[in-house]
Amino acid sequence: MGRPRAFDEDEAVRAAVGLFGGRAYDGVSVDDLVSHLGVHRNSLYKTFGSKRGLYLIALRRHIADDVRPLLDALAGASDFAAALRLVTSADLGLLLLATIERAPVDEEVASEVTAALAAVDEAIADALDVPTDLAAALTAAGLGILLRGNPDDAATALTRRLDPLT
């Protein structure tokens, strides 16, 4: 019989979400994971299979914990400005990094990212009763604002332009 785990798997995954969300996949080494998660290297491999295995679990956790609540909040958006504010105020760091860094080279990550972004588009389209392609443009604008790093200023400027549309 093997030894019981000396770490909380849920806490380790949550910590991995923060680590990957702050530094991206390629910016995190296995040594970083071992030291930041408080997990022995052998335990990490035994539990998650690989760095990529942990990354996929962390990405799915991020989608469940951060993107799904955004979808619920978007259901109550009354106009483009409200939807944009919700997108730009959400913690979407890992999703954004996964979109840019891993999705182009990893089909499984691409599938997770595509499904999450499509869900955001649909939530906006349903809430505002607009075509999905227009909702997708708003999602893209929100992610671009997050990428630029000034969500308040850029979102305010865009919101002023969107107001006549509502």
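You'll find the structure just up there.
Report on the accompanying structure. (Residues numbered from 1 in each chain as written. Predicted model: local features only at pLDDT ≥ 70, side-chain atom pairs only at ≥ 80, totals over all residues. Heavy atoms only, no water.)

Observations regarding the packing of helix 1 (residues 9–23) against helix 2 (residues 30–37)
- Contact geometry for helix 1 and helix 2: axes closest at 10 Å, N-to-C directions at 130 degrees. Classed by the angle they form, the pair helix 1 and helix 2 counts as oblique. Judged by the sense of rotation from one axis to the other, the crossing of helix 1 with helix 2 is right-handed. In this structure, helix 1 contributes A12, A15, A16, L19, F20 and R23 to the contact, and helix 2 contributes D32, L33, H36 and L37.
- Partitioned by chemical class, the residues of the contact of helix 1 with helix 2 number seven nonpolar, one polar and two charged. (Axes fitted to C-alpha atoms, helices over the stretch in contact; angles between N-to-C directions. Helix = DSSP H or I, 4+ residues; strand = E, 2+ residues; numbered from the N terminus. Parallel < 35°, antiparallel > 145°, perpendicular 65-115°, else oblique. Left-handed = near helix turned anticlockwise from the far one by under 90°. Contact = heavy atoms within 4.5 Å. Nonpolar A, V, L, I, M, F, W, Y, C, P; charged D, E, K, R; others polar.)

A closer look at the pattern of salt bridges
- Following the criterion strictly, the structure yields eleven salt bridges and no others.
- Across the salt bridge formed by D10 and R61, the nearest N and O atoms sit 2.5 Å from each other. Here the residue D10 occupies a position in helix 1, and R61 occupies one in helix 4 (residues 51–74), the gap between them amounting to 51 residues.
- For R61, a relative accessible area of 22% puts it in the partly exposed group.
- In this structure, R52 engages E108 in a salt bridge whose closest nitrogen and oxygen atoms are separated by 3.0 Å. One end of the pair, R52, is in helix 4; the other, E108, is in helix 7 (residues 107–128), with 56 residues separating them in the sequence.
- The partly exposed category is assigned to E108, whose relative accessible area is 35%.
- Linked by salt bridges that have partners in common, D26, R52, R60, R102, D106, E108 and E112 make up one network. (Salt bridge = Lys/Arg side-chain N within 4 Å of Asp/Glu carboxyl O. Buried < 20%, exposed > 50% of the residue type's maximum accessible area, 1.4 Å probe, protein only.)

Quick notes on unusual backbone geometry
- Backbone geometry at A24 places phi at a positive 70 degrees, although glycine is not the residue there.
- Its place among the elements puts A24 in the loop between helix 1 and helix 2.
- Accessibility expressed as a relative area gives 11% for A24, which makes it buried.
- In this structure, D129 takes a positive phi of about 55 degrees despite not being glycine.
- Examined against the element boundaries, D129 turns out to sit in the loop between helix 7 and helix 8 (132–148).

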